[in-house]
Amino acid sequence: KEISEVAIFAANHLIEYAKKEEQGGGKSSSVGGGDPSVSFDQFGKWYNSGGFSLVPWLELLDLSKWDYTLKTNNKNVAIEQVPLGGGEAAMTAAATTTATSSSAKRAKFDDTLTPVEAIGSPTGLFESGAAIGATPQPLPSKPNGGVQSFSAMFGEPTQSRNVVSFDFSGTAAGAFHIDITEENLVMLRQLVTRTGFASLTPQHVESVILKHSRCERRKYGDTVYVISRQQFGKFIRDVVPKEASKNFDANEIENFSNYFTNFFTCFDYNWSDLKKDEVNAKELMVGFSFLCAGNKSSKLAAAYDMLDVDKNGYLTQRGLMQYLRAYLTMLAGISLLSSNKNTTTQIRKQLMSTKRNDAFLAVENGAKWTLGHFFRAFEAEHARSGSTRNNAVAFEDFAKWYTEGGYAVAPWLELLDLQKFLSLIGDFQAPQQPQPAAGPAAQPQGSPADVLFTFPLAKERSLVVLRDDAHYVRAVVSEMGLLSLTSEDIWTALSKDVTKKLGAKKSSVVPVDQASFVECMMKILSKSKKPSEKSSWANFSPEETLKNFFLSFDLMQVNQVPLNQLMCGLTLLCGGKKSSKLGFAFGLFCGDGKSGKKKIQTMGHGDFIQFFRSFLIVMFSCCNQSLSLSADTVSQYISDTAQAVADAVMAYWKSKKVEKVKFDHFSKWYNEGGFQMAPWLELLDLHKWVLADDEKIP
């Protein structure tokens, strides 16, 4: 019965596809108005355009795909499992084991050691260095016939063994694939470790590249950051830590310079509307995330945010195309890395020639093919839910698609995890995070794998967010039930209870003592929704947590803190979107200016200092970094940064003859470049902490 249901399910999808094909072409092969007959060519087209996700078990007709799995010395090897039914079911890989080969080391993955990422992974696809097809068509380990490797288009085929290969033969790119060889990976490992890129977060690298870019406003309102070849050279010299570059020998200087130059040239698309020797800095940065610290989920989220230049919270179809193309372009560039200086020089010349046109058109088509798969699934999801379809794609939409089967379409995104990528040729340990200029105490110790974000602060300091910090935040919001409450929910009850208890007039700036604050908050939390499962934090105490929260604001140790500052800090830990949290918190610091009979909400310089300071206090309180600094130093970091950002906001609007700033003014400043100065405000979106930490918000 089950087999029959599966066959009927797949057949119905195929028939529906054939009907649409007929309607589109104006032809009919049906008899008497019934179901159309399906030719083998139509079946093949349906299968390659997405049908393979419904009937992935047909891949088992290729015995070689069984063979490589079974040819292992490990008797407990787990064979990849595929679902029998359910159109939206995705292939799920079983726990993978270490596979061996007589020729070379293979990928080493162990699900007992690797945390499950928020964005699903076809981990099993990398078992024993197997060839991975972006389409379900089989691919030989080395090019033959008309199938052409991207790297072979720019020089003699390498003798190095292919470690992984991505086939785009079923796309408009024609017979084309990207091969990553052992030599590529050896040179990539040398590049990222010697230059220190493996210890830099994408956010940090982005902040440096934007310093060397110019911002252009296009006639349709698009904002584009452009970097020239000359400025790119300055960016590389700026971003590579001085401690690393001073140890380069002459050979490394030449090789690394050529590698980075070739990467830049890969992004200098002929069909771009930019001038020659200019590229989209944001798109280049998305590609460069391959070289940086962080896991796949955090990099995907960070890159999505980078391309959302106007901070709308989504990407359009055009933006998503840039997103996918940037990754593929960089992967193609990595496939050109060579240990031979003559080969690298040859590649550099070929990249500047007309030969590059066909090669990068193939990359472009590969990205379009992937985008098409996404939008078909996206539209189907909208149709099922009955919502109106639009081209606004949130990161959550893309992550859901990838987790639920998109990884079979774009398996190359798995290589964003640098540790996983380089482990294909053996064990790889990322280098230690370098210390910032502020001094050895300013940065917590630990491997880069523990660092989720590094945010710039005033005077060349940094706020460093570790994986442990995300664990702490998740535990606090879960144990206290804060995610079930919005900032408005808490403020309505808190301001009422505090003013009643103190017998004070209702005001956002009423000073409150520690005992009153804790008592009123505990009353509110007693009604919040707590997690149903038993806590793993045995000694957690909401009262002690709230006491410490209060003390972090009571810098003068007078047991009095304005209620609006405490509430502003609490917004970080509440449920809700970043934009709504910012809007709410803004209102906490507004004066009572009036325009006619209508009350307006505006903030001045001093208000902004308190506004930014309140957020920063909680962020530092949640981070291990503060434990390695004195209280005075933390206070100085916060004060200097709040002052600097407040200065920037007021200077921006003063130049436009605006003295009192409304929330709309603040939003415009942030979206037009302020996010570069205060990127830590992005932490108000708790999903970004949770996604980066490979967990779901409870």
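Residues numbered from 1 in each chain as written. Predicted model: local features only at pLDDT ≥ 70, side-chain atom pairs only at ≥ 80, totals over all residues. Heavy atoms only, no water.

Structural notes on the overall build of the protein
Broken down by element type, the protein carries 25 helices and 13 strands. Burial statistics for the protein: of 698 residues in total, 52% are counted as buried. Considering only contacts within the protein whose residues lie at least 6 apart along the sequence, 71% involve residues at least 24 apart. Counting only carbon and sulfur atoms, one obtains 53% of the accessible surface of the protein, whose full area is about 31,800 Å². (Helix = DSSP H or I, 4+ residues; strand = E, 2+ residues; numbered from the N terminus. Buried < 20%, exposed > 50% of the residue type's maximum accessible area, 1.4 Å probe, protein only. Contact = heavy atoms within 4.5 Å. Areas by Shrake-Rupley, 256 points an atom, 1.4 Å probe, with all protein chains shown as cover.)

Some words on the confidence of the model for the protein
The pLDDT averaged across the protein works out to 75; a share of 73% of its residues lies at or above 70. Ranking the helices and strands of the protein by mean pLDDT puts helix α9 (residues 281–288) first, with 95, and strand β1 (residues 132–133) last, with 32. Confidence drops under a pLDDT of 50 for residues 67–118, and excluding neighbours within four residues, the segment shows 110 contacts in the predicted structure. Considering only residues more than four positions removed or in separate chains, one finds that residues 592–598, a stretch of pLDDT under 50, has five contacts. (pLDDT = per-residue confidence, 0-100.)

Regarding α9
Extensive coverage of α9 is indicated by the burial of eight of its eight residues. By the burial criterion, the buried members of α9 are Ala281, Lys282, Glu283, Leu284, Met285, Val286, Gly287 and Phe288.

Regarding the nonpolar core
If you look at the biggest cluster of nonpolar residues, it comprises 178 residues, and the most contacted ones within it are Phe288, Tyr323, Phe517, Phe608, Phe611, Phe612 and Trp680. In contact with phenylalanine 611, not counting residues within four places along its chain, are Cys568, Leu582, Ala585, Phe586, Phe589, Met603 and Phe666. Within the second largest apolar cluster, six residues are counted, among which are Ala10, Tyr17, Tyr47 and Val55. (Core = buried A, V, L, I, M, F, W, Y, C linked by side-chain atoms within 4.5 Å.)

Overview of the pattern of salt bridges
Enumeration over the complete set of coordinates arrives at 23 salt bridges. When the shortest N-O distance is used, the salt bridge between lysine 19 and glutamate 16 registers 3.9 Å. Highlighted residues: lysine 19 and glutamate 16, both in helix α1 (residues 2–25), separated by three residues, approximately one helical turn. Across the pair arginine 214 and glutamate 278 runs a salt bridge whose closest N-O atoms are separated by 3.0 Å. In this pair, arginine 214 sits in strand β5 (residues 214–217) while glutamate 278 sits in strand β7 (residues 278–280), placing the two residues 64 residues apart along the sequence. (Salt bridge = Lys/Arg side-chain N within 4 Å of Asp/Glu carboxyl O.)

Regarding a nonpolar patch on the surface
On the surface, Leu555, Met556 and Val558 cluster together into a nonpolar patch covering about 330 Å² of accessible area. The topology assignment puts valine 558 in the loop between α19 (542–553) and β11 (561–562). (Patch = residues over 30% accessible without salt bridge, like charges linked within 9 Å, V, L, I, M, F, W, Y side chains within 5 Å.)

Quick word on the packing of aromatic side chains
Taken as a whole, this structure holds 49 aromatic pairs when the rule is applied. When the centroid spacing of 5.2 Å and the interplanar angle of 80° are considered together, the rings of phenylalanine 374 and phenylalanine 375 count as edge-to-face. One aromatic cluster is present, built from ring pairs that chain together Phe586, Phe589, Phe608, Phe611, Phe612, Phe615, Phe663, Phe666, Trp669, Tyr670, Phe675 and Trp680. When the ring centre of phenylalanine 675 is taken as origin, the NZ or CZ atom of lysine 311, which lies over that ring, is 4.6 Å away. Taking NZ or CZ as reference, lysine 656 lies 5.1 Å from the ring centre of tyrosine 652, over its face. (Phe/Tyr/Trp six-rings, centres within 6.5 Å; stacked < 30°, edge-to-face > 60°. Lys NZ or Arg CZ within 6 Å of the ring centre and 35° of its normal.)

Focus: helix α17 (residues 487–502)
Look at α17: 22 Å from first C-alpha to last across 16 residues, which is about the 22 Å you get at 1.5 Å a residue. Where α17 is concerned, the buried positions are Ser487, Ile490, Trp491, Leu494, Ser495, Asp497, Val498 and Thr499. Just downstream of α17, glycine 503 is the residue with a positive phi angle, here 65°. (Expected span 1.5 Å × (residues − 1).)

Quick word on the sheet that holds β5
Ordered by their spatial adjacency, three strands build an open sheet running β5-β6-β7, and the pairing between neighbours is antiparallel. Across the chains shown, the open sheet's two edge strands, defined by having one partner strand only, are β5 and β7. Within the sheet, the average angular offset between the axes of one strand and its neighbour, ignoring direction, is 40°. In this sheet, strand β6 (residues 223–228) lies alongside β5 in antiparallel orientation, the contact comprising four bridges. Directly across from arginine 217, in β6, lies its bridge partner threonine 223. (Pairing = 2+ DSSP bridges. Axes fitted to C-alpha atoms, helices over the stretch in contact; angles between N-to-C directions.)

Some thoughts on the side chain of aspartate 268
Tracing the sequence through the fold places aspartate 268 in the loop between α8 (250–266) and β7. In this structure aspartate 268 is buried but unpaired, with arginine 229 as the nearest side chain of opposite charge at 4.0 Å. Excluding residues within four positions of it along the chain, aspartate 268 makes contact with Arg229, Lys275, Lys276, Asp277, Glu278, Val279 and Arg356. (Lys, Arg positive; Asp, Glu negative; His and termini not counted.)

Brief notes about the packing of helix α23 (residues 631–654) against helix α24 (residues 663–677)
Close contact between α23 and α24 brings their axes to 11 Å; oriented N to C, the two are set at 125°. In terms of axis orientation, α23 runs oblique to α24. Crossing geometry of α23 relative to α24 is assigned as right-handed. Residues Ala644, Val645, Ala648, Val649, Tyr652 and Trp653 of α23 lie in contact with α24, whose contacting residues are His665, Phe666, Lys668, Trp669, Glu672 and Met677. Here the contact of α23 with α24 is built from residues that sort into nine nonpolar, one polar and two charged. (Parallel < 35°, antiparallel > 145°, perpendicular 65-115°, else oblique. Left-handed = near helix turned anticlockwise from the far one by under 90°. Nonpolar A, V, L, I, M, F, W, Y, C, P; charged D, E, K, R; others polar.)

A short note on unusual backbone geometry
Negative phi is the rule for most residues except glycine; trans is the rule for most peptide bonds. For aspartate 277, which is not glycine, the phi dihedral falls at a positive 65°. We classify aspartate 277 as partly exposed; its relative accessible area is 26%. The phi dihedral of lysine 311 falls on the positive side, at around 55°, and the residue is not glycine. Summarising the element assignment, lysine 311 is placed in the loop between α10 (296–307) and α11 (317–334).

What to know about the environment of alanine 367
Mapped onto the elements of the fold, alanine 367 is located in helix α13 (residues 356–385). Along the backbone, alanine 367 and tyrosine 327 are 40 residues apart, and their C-alpha atoms lie at a distance of 8.9 Å. Alanine 367 has contacts with Met321, Leu324, Arg325 and Leu328, leaving out every residue within four places of it along the chain.

Structural notes on the side chain of threonine 201
Within the secondary structure layout, threonine 201 lies in the loop between α4 (182–194) and α5 (202–211). The exposure class assigned to threonine 201 is buried, which follows from its relative accessible area of 2%. Apart from residues no more than four positions distant in its own chain, threonine 201 is found in contact with Cys292, Ala293, Val451, Leu452, Phe453 and Thr454.

Observations regarding the environment of lysine 242
Here lysine 242 is to be found in helix α7 (residues 242–245). In sequence terms lysine 242 and threonine 195 are 47 residues apart; their C-alpha atoms lie 9.2 Å from each other.

As for a positive patch on the surface
Together, Lys496, Lys500, Lys506 and Lys527 make up a positively charged patch on the protein surface. Among the structural elements, lysine 527 can be located in the loop between α18 (514–525) and α19. (Charge placed at Lys NZ, Arg CZ, Asp CG, Glu CD.)

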